[in-house]
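Fold and geometry: a report
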Amino acid sequence: HDATTDAEIVNPLDVGPASISMNIDELASTSGLTRVQLKALEDAGVVVGRQVGGATIYDDDALLVTRASAGLLEMGLEVRHLRSYKVAAEREAGVLEQLLAAQAHNRSPEARHQTTQALGKLVILGEELRRAMLRRSLRGSIIH
């Protein structure tokens, strides 16, 4: 019996109730990236800010993305490689949106809860599938 079959799934897309707002300098300082690296990630669509007045503000998702990106860049990946993660996430989101579209239109609290639970389970299962397929693809060439 694993976590994905439990009645109440914690939505892995929910990072919690706190939301942050920071400018590019704060994001650079917090993530360990330079402004040039952040600009390159933003140009590639990997990091997304929102316009507030004349400033671009970055939220907790941007911070998570920049921290992960910093680690991947440090390991030798380039911004162009990180773009493939963005494209894959957008494709997966599109599939999940299509699957749950009918449920999402129902505004009752119970329906929203069920949609959130289904989405959480789908994301967890997708992560498990992706990890297993990546391991399978690397087995024999890098993993022994």
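Higher on the page you've got the structure.
In this report, we go over the structure that sits alongside the text. Given the structure is predicted, the values throughout are model-derived calculations rather than measurements.

Definitions and limits used
- The residue numbers shown here count from 1 along each chain, following its written sequence.
- Selection of residues for local features in this predicted model requires a pLDDT of at least 70, selection of side-chain atom pairs for listing and counting requires 80 or more, and totals for whole chains, interfaces and linings are taken over all residues.
- Hydrogens and water are ignored here; the side-chain numbers use all heavy atoms of the structure.
- Helix and strand assignments come from DSSP, with helices taken as H or I runs of at least 4 residues and strands as E runs of at least 2, each series counted from the N terminus.
- How far a helix is expected to stretch is found by multiplying one less than its residue total by 1.5 Å.
- For each residue, the accessible area found with a 1.4 Å probe, counting protein chains only, is set against the maximum for its type, and the residue is called buried under 20%, exposed over 50%, and partly exposed in between.
- Contacts are assigned to residue pairs with any non-hydrogen atoms lying within 4.5 Å of each other.
- Orientation is described by axes fitted as lines to C-alpha atoms, over the contacting stretch for helices, and by angles from 0 to 180 degrees between their N-to-C directions.
- When an angle is under 35 degrees it counts as roughly parallel; over 145 it counts as roughly antiparallel; between 65 and 115 it counts as roughly perpendicular; any other value is oblique.
- Note on convention: near helix rotated counterclockwise from far helix by under a right angle means a left-handed crossing. Clockwise means right-handed.
- Three categories are distinguished: nonpolar for Ala, Val, Leu, Ile, Met, Phe, Trp, Tyr, Cys and Pro, charged for Asp, Glu, Lys and Arg, and polar for the others, with Gly belonging to the last.
- Among the buried residues, those of types Ala, Val, Leu, Ile, Met, Phe, Trp, Tyr and Cys that are joined through side-chain atoms within 4.5 Å form a nonpolar core.
- In protein, a polar contact means a hydrogen-donor-capable atom and an acceptor-capable atom, both N or O and within 3.5 Å, with residues adjacent in sequence counting only if both atoms are side-chain atoms; elsewhere, any N or O pair within 3.5 Å suffices.

Between its terminal C-alpha atoms helix α5 (residues 109–138) stretches 43 Å, which fits the 44 Å expected from 30 residues at 1.5 Å a residue. Turning to α5, its buried residues are A111, T115, Q117, G120, V123, I124 and G126. Looking at the buried residues of α5, the elements they touch are α4 (79–105). Downstream of α5 by one or two residues, G140 has phi in the positive range, about 95°.

What follows deals with the packing of helix α3 (residues 60–74) against α4. Here α3 crosses α4 at 135°, and the two axes come no closer than 10 Å. With respect to α4, the element α3 is oriented oblique. In terms of crossing hand, the pair formed by α3 and α4 is right-handed. Two secondary-structure elements touch here, α3 through S69, L72 and L73 and α4 through V79, L82 and Y85. Looking at the contact of α3 with α4 residue by residue, the class counts come to 5 nonpolar, 1 polar and no charged.

A separate point is the nonpolar core. Formed by 17 residues in total, the largest nonpolar core has its most connected members in L27, L33, L38, L41, V47 and Y58. Mapped by element, the contributors of at least two residues to this core are α1 (24–31), α2 (35–43), α3 and α4.

Moving on to α3. In this model, α3 (15 residues) spans 21 Å end to end at C-alpha, consistent with the 21 Å of a helix rising 1.5 Å per residue. For α3, the set of buried residues is D60, A62, L63, T66, S69, A70 and L73. Buried residues in α3 make contact with α1, α2 and α4. One side-chain oxygen at the N-terminal end of α3 lies 3.1 Å from the backbone nitrogen of D61; it belongs to D59.

Packing of α4 against α5 brings their axes to within 11 Å, and their N-to-C directions diverge by 155°. On the basis of their axis angle, the class for α4 and α5 is roughly antiparallel. For α4 against α5, the interelement crossing comes out right-handed. Here α4 contributes E92, L96, L99, L100, Q103 and A104 to the contact with α5, which in turn contributes Q114, T115, A118, L119, L122, V123, G126 and R130. A class-by-class count of the residues in the contact of α4 with α5 yields 8 nonpolar, 4 polar and 2 charged.

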